[in-house]
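Remarks on the overall topology
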Amino acid sequence: MIQTQAPINNLYIGIMSGTSVDAIDLVAIEIEDNHFSFIGGVNFEFPNHLRTKILAISRQEEVHDSKIIAELDNELGCEYANGVKQLLRTYKIKKSKVAAIGLHGQTIAHHPNAKVPRSIQIGDAKLVAQETEIVCVSNFRSADIDAGGQGAPLAPVFHSWLFRIPNKNRAVINIGGISNISLLDQNPLRGHDLGPGNILLDSWIQTHEKKKYDDKGLWARQGNTNENLLDIFLEDDFFSIAPPKSTGTDYFNLDWIKTNLNIFKQNIEPRDVQSTLTEVTARIISDYLNAFTSIREAAICGGGSENKYLVERIMKLYKGKIFRTDDWGLNSEWVEATGFAYLAYLRLQNRDLDLSGVTGSTKKVKLGEIHTL
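Only a predicted model underlies this, so the values are computations on that prediction, with no experimental measurement involved. (Residues numbered from 1 in each chain as written. Predicted model: local features only at pLDDT ≥ 70, side-chain atom pairs only at ≥ 80, totals over all residues. Heavy atoms only, no water.)

This brings us to the side chain of T359. When you line up the elements, T359 lands in the loop between α13 (335-348) and β13 (369-371). In this view, T359 contacts D144, G149, Q150, G151, A152, P153 and P244; residues no more than four positions away in its chain are not counted. (Helix = DSSP H or I, 4+ residues; strand = E, 2+ residues; numbered from the N terminus. Contact = heavy atoms within 4.5 Å.)

If you want it as structure tokens, here you go:
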């Protein structure tokens, strides 16, 4: 049953687990009369066995095993529901006061340009609604894809609402597994995926150092960027495609690195590869920002904002000023999850969104499916 009336309550929960599969973030926010208040957030790491299975299935170009998908959908739904309960306990929030949960889910495939376009997120929203006894909004990407859009990125909707300032040109860069940009200037909303964020860095260090991620970019800092290898990486067709465009970890992954190393055909130290992969992310972000001469400040959020070496490289290459979203009013750790709480708010308000400048959709859409108790 679809809820069409605006809710009386103004508390919303957002849940985000990104393509890096490093942690599940949950936030509680309050939205009233276009005013935003951040109540609090919690995060926790994936259980190792669940993370391993998600990584295995989300790094494939094709997802085939429906049995595994169904099992992961249920298991992850339980994790999300338990996370909501923990959030409610931590901040002493009564579930009856929460209007809705905005659940992004875990992306395991993203193929908006396929013959049958699709973007698959797992994490059973119906189960979350039943277990928490709170309305849950999920499957945010399908309506946009059905309208001819890429289904991603969706973050620019929230970035524009929270960070846009009249008569000031800005950009927001979200560096998760995949990096994307929101352009907040005097034009209608624009934004798109830029390419890899943390995904290549995480994949390479997991293979060679058995670490989940390159903490503060220390391993990459120890290496040297190989300009010839960098050129090969940056020749990928995705980088030259004009927006709207989006991508995922089923495209940029360890196999992508190995394919390009085979083209390179030279021995190279693993830490030098890591340094070069870091430069890939820094270059695609800084080059795109530099192309917009009217925009001279940008804020970074997402897990990549914690990679000090990566941020240093972006700051060195970009001709404008780099901030963190913390400087603009919201801790970078919580931006993505807060964004999906906001999207849940928009869905319960029955708001039609024009994403033509972001995803390329051809008509206004309502994002998200509503699961009631």
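Moving on, we get to helix α8 (residues 227-234). L229, L230, I232 and F233 are the residues of α8 that are buried. What you see down the axis of α8 is that its buried residues fit within an arc of 160°, all on one side. Residues of α8 that are buried make contact with α9 (237-240), α10 (254-264) and α11 (270-291). (Buried < 20%, exposed > 50% of the residue type's maximum accessible area, 1.4 Å probe, protein only. Arc of directions from axis to C-beta.)

Our focus in this paragraph is unusual backbone geometry. P153 follows A152 through a cis peptide bond whose omega is -10°. Following the sequence through the fold, P153 ends up in the loop between α4 (142-146) and α5 (155-163). Here the amide bond leading from P243 into P244 is cis, since omega sits at 5°, within 30 degrees of zero. A positive phi angle, close to 50°, is found at K92, a residue other than glycine. Note on placement: K92 falls in the loop between α2 (66-90) and β4 (98-103).

The first and last C-alpha atoms of α2 sit 36 Å apart over 25 residues, in line with the 36 Å expected at 1.5 Å per residue. Regarding α2, the residues found buried are I69, L72, L76, G77, E79, Y80, A81, G83, V84, L87 and L88. (Expected span 1.5 Å × (residues − 1).)

Right, let's get into the environment of K308. Residue placement: K308 occurs in helix α12 (residues 308-317). Separated by 93 residues in the primary sequence, K308 and D215 place their C-alpha atoms 8.6 Å from one another. Residues within four places of K308 in sequence aside, it is in contact with K216 and R221.

For the rest of this paragraph, the subject is the pairing of strand β5 (residues 106-111). Most of β5 is tucked away, with six of its six residues classed as buried. Joining the antiparallel neighbours β5 and strand β6 (residues 118-122) is a turn of six residues. (Pairing = 2+ DSSP bridges.)

As a rule of thumb, nonpolar side chains are buried together in soluble globular proteins. By size, the foremost hydrophobic cluster in this structure holds 41 residues, and its most contacted members are Y12, V157, Y342, L343 and L367. The element contributing the most residues to this core is α13, with ten residues. In this structure V157 touches L189, Y342, L343, L346, L353 and L355, once residues within four positions along its chain are discounted. If you look at the next biggest cluster of nonpolar residues, it comprises 40 residues, including I199, I285, I295 and L310. (Core = buried A, V, L, I, M, F, W, Y, C linked by side-chain atoms within 4.5 Å.)

What follows is about the pairing of strand β9 (residues 178-184). Counted residue by residue, β9 has seven buried out of seven residues, so it is predominantly covered. Along β9, one buried face is formed by I178, N180, S182 and L184 and the opposite face, lined by S179, I181 and L183, is buried too. Sheet topology note: the strand β8 (residues 170-175)/β9 ladder contains six bridges and is antiparallel. In the sheet register, V172 faces β9, and the bridge partner there is S182. Summarising the sheet, β9 and strand β10 (residues 190-196) pair through six bridges and their orientation is antiparallel. Bridge assignment links I178 to a residue of β10, and that residue is P196. Between β9 and β10, which pair antiparallel and follow one another directly, the connecting turn spans five residues.

Coordinates in, geometry out; function isn't part of it.
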